[in-house]
Amino acid sequence: MSDNVASQLALPPMTTPGSGRGLLDVLHRRFLLKLIVRKELRVRYRGSALGMAWTYVKPLVQFGVFFLAMGVFMGLRATVPNYAVYLFSGVVVMNFFGEAFGNATRSLVWNAPLINKIYLPRELFPVSSLWVGAVHFFPQLLVLIIATFITGWRPNILELLAFVLGFLIVAVFSLGLGMLFGAVNVYFRDAENLVELIIMVATWISPVLYHWNLVYNNFPVWLYNIYMLNPLTSSVNLFHYAFWYSSIGRPVTLPGGAQTLVPDMWAWAGAGLGIAVAMLFIGQLVFRKLERRFAQEL
Amino acid sequence: MATTYIDVADVRKEFSLRHNRSFKEFIVAALRGKALEKDTFNALDNVSFTVDEGETVALLGFNGSGKSTLLKCISGVLTPDAGSIRTRGRVAGLIEVGAGFHPDLTGRENVYLNGAILGMTEQQINDTFDEIVAFSEIERFIDTEVKFYSSGMFLRLAFSVAVHSEPEVFLVDEILAVGDEPFQKKCLAKIEQLKGEGRTLVIVSHDLNLVSSICKRGILLEKGVVTMDGPAPDVVTHMRGQE
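Trainee: Please explain the overall build of chain A as it appears in this structure.
Mentor: Scanning chain A from N- to C-terminus turns up 15 helices and one strand. Burial analysis of chain A (298 residues in total) assigns 43% to the buried set. Considering only contacts in chain A between residues 6 or more positions apart, those separated by 24 or more positions represent 86%.

Trainee: It is not clear to me how the overall build of chain B should be interpreted in this structure. Could you clarify?
Mentor: Of the regular secondary structure elements, chain B holds eight helices and nine strands. Among the 243 residues that make up chain B, the fraction classed as buried is 45%. A sequence separation of at least 24 residues applies to 73% of the contacts in chain B between residues at least 6 apart.

Trainee: I'm lost on helix α5 (residues 151-164) of chain B in this one. Help?
Mentor: For an α-helix, 3.6 residues make a turn, and residues three or four places apart therefore share a direction. All names here are of chain B. Along its 14 residues, α5 runs 20 Å from first to last C-alpha, staying within 8% of the 20 Å computed at 1.5 Å per residue. In terms of burial, α5 is largely enclosed, as eleven of its 14 residues are buried. What α5 keeps buried is the set F154, L155, R156, L157, A158, F159, S160, V161, A162, V163 and H164. Among the residues trailing α5, E166 stands out with phi positive, at a value near 50 degrees.

Trainee: Sorry if this is basic, but what is going on with the nonpolar core here?
Mentor: Nonpolar side chains tend toward joint burial in soluble globular proteins. One finds A:V93, A:V170, B:L59, B:I74, B:L171, B:V202 and B:I203 to be the most contacted residues of the largest nonpolar core, which totals 143 residues. The dominant element in this core, judged by the number of residues it contributes, is helix α9 (residues 157-187) of chain A, at 16 residues. Leave out the neighbours within four places in its chain, and B:I203 touches B:A58, B:V172, B:V211, B:I214 and B:C215.

Trainee: Would you explain the interface of chain B and chain A in this entry?
Mentor: It is common to give the size of an interface as the accessible area that goes away when the parts come together. The interface of chain B with chain A comprises 37 residues on the first partner and 31 residues on the second. Taken together, the elements giving at least two residues each to the side of chain B that touches chain A come down to β1 (4-16), α2 (67-75), β4 (82-88), β5 (91-94) and α3 (107-117) of chain B. In terms of residue count, β4(B) provides more of the side of chain B that touches chain A than any other element does, five residues in total. Its residues assigned to classes, the side of chain B that touches chain A comprises 14 nonpolar, twelve polar and eleven charged.

Trainee: Honestly, the sheet that holds strand β8 (residues 217-222) of chain B in this entry has me stumped. Any pointers?
Mentor: Note on sheets: strands pair through backbone hydrogen bonds, and any given pair is parallel or antiparallel. Residue and element names in this part refer to chain B. Taken together, the six strands give an open sheet; going across it, the order is β5-β6-β7-β3-β8-β9, and neighbouring strands pair in mixed fashion. The sheet is open, and its two edges are formed by β5 and β9 (225-231), each paired on a single side. Mean inter-strand twist for the sheet, computed between neighbouring axes without regard to direction, equals 15 degrees. Where β8 meets β9, six bridges bridge the pair, whose relative direction is antiparallel. Looking across to β9, one finds that G218 is bridged to G230.

Trainee: Mind showing me how you'd approach the pairing of β5(B) here?
Mentor: Regular strands show a simple pattern: their side chains alternate between the two faces of the sheet. Residues and elements named next belong to chain B. Side chains of β5 alternate between two faces, with V91 and G93 and A92 and L94 buried alike. Pairing of β5 with strand β6 (residues 169-173) involves four bridges; the strand directions are parallel. Bridge pairing in β6 places A92 opposite F170.

Trainee: Would you take a moment to explain the pairing of β4(B) for this structure?
Mentor: Here strand β1 (residues 14-15) of chain A runs beside β4(B); their pairing, made up of two bridges, is antiparallel. Across the sheet, A:M14 pairs through a bridge with B:R88, a residue of β4(B).

Trainee: What is the right way to read the packing of helix α6 (residues 83-110) of chain A against helix α13 (residues 231-243) of chain A from this model?
Mentor: The relative placement of two packed helices comes down to the angle between their axes together with the axis-to-axis distance. Residues and elements named next belong to chain A. It is the contact of α6 with α13, at a shortest axis distance of 9 Å, that shows an interaxial angle of 140 degrees. One way to sum up the angle between α6 and α13 is to call them oblique. In terms of crossing hand, the pair formed by α6 and α13 is right-handed. Taking contact as the criterion, the partners of V85, Y86, S89, G90, V93 and F97 in α6 are, on α13, L232, S235, V236, F239, H240 and F243. Here the residues of the contact of α6 with α13 are counted per class, giving eight nonpolar, four polar and no charged.

Cut-offs used in this document
Residues numbered from 1 in each chain as written. Chains lettered and ligands numbered in written order. Predicted model: local features only at pLDDT ≥ 70, side-chain atom pairs only at ≥ 80, totals over all residues. Helix = DSSP H or I, 4+ residues; strand = E, 2+ residues; numbered from the N terminus. Buried ≥ 20, exposed ≤ 12 C-beta atoms within 10 Å, placed from the backbone. Contact = placed C-beta atoms within 7 Å. Expected span 1.5 Å × (residues − 1). Core = buried A, V, L, I, M, F, W, Y, C linked by C-beta atoms within 7 Å. Nonpolar A, V, L, I, M, F, W, Y, C, P; charged D, E, K, R; others polar. Pairing = 2+ DSSP bridges. Axes fitted to C-alpha atoms, helices over the stretch in contact; angles between N-to-C directions. Parallel < 35°, antiparallel > 145°, perpendicular 65-115°, else oblique. Left-handed = near helix turned anticlockwise from the far one by under 90°.

In structure tokens form, the structure reads like this:
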């Protein structure tokens, strides 16, 4: 029996096939995750001359349109100093959210041939979408940093920490939502359309284009509180704090008299992180429940 | 006493016959307070057997008997609706030729991707890469995108990755049908080698002669039910008698 497989190694235990440990399994299959991310990027830009350069083109055009419409025509430039940086630091958050959440929702349907035939932890697909989203996020972040640096950005430690926290919140929140809607999308393709709608609305229900003060002045307090509970709003606030606040010299109030920073920004951010983590738990829970029938529904 | 590597106990697998169920229908049914009418059939019904270490088992049966469903349940792709399946060690399935191969990636990239999917580490793939390519005999085309491959080349590479992933349990579904005769012979030699190493094999094929020469044991499925479990040649004879 010396040439026997089993006797060479300690005998592995009996396990139930197809029952993983969810996101934890993804941690153990990092090499596979890396290859899937590389595949997604390759497939996305196949036959494209500009390739990854599109990651710069799209947000810059979007930024140009918003800047012209909101900053110039609507005159937001007058009340929000250095409006270009203010706008762009919110736009990068929303792009990352849209990219990660939208792709995670579609990731399982896209990878149907794989899910149908080979067992692997299916959480790999939403996680790889998040990673692909991050790959597209960092070039934009670089543009943002250069722009804000030119306009006088000199961040302190706390502001840099705000960036890390803001990034974490949007990453965790997109993954949670992506797993939830991705799993539902296997059964009802309606989820895809709903998600597109959510992504479209998201930019407008966070202070990306306008100052938070407008919401405070026009909404009753309870609605304002709900608005602030949105984890994306906290992410955008933290990004403003990290990339915009020091570039305008950290004033207490803006030219129009509005308070520059959201009161209790860190407390809202804490709540936002809590909601994002809760979303991740819900997403994983629903994902595991629905996962059992993925292969036959796709 | 031999060690059990696959344990299938009272497995039932149900498939629904209607898939294009809209959200509207679902909500209407929910509002009316009654469940959607059941429209299912059992692809597998009360299937039980165990496979021990080093056994070579052929799953036999005519089209639609549930062989592939059973294989997918063992590999973990499908989850049974009742009963339990347990396996020991790493299970690799060649459920379909080139599953997990992406047409837009090169042969080399696909070897890495597929190897990783089958549970190999980066180190293991690096170490066996040359062997995998040599076995598939497509050295010249390894950096060509797979979409330009012929189906034979595709099969060779896919099979080659799978046999080099060294799983404890190897599931093969109808893949020996493709490929020319020399390559088939090579595959059979490789399968013999895996057998010799004491690995457990479960094979699905309609090539009854081939199967009865490779496998010692045959399990016959008819409409999702195991109707015979014995030496492969006997099961094949029984099947032919029915035709």
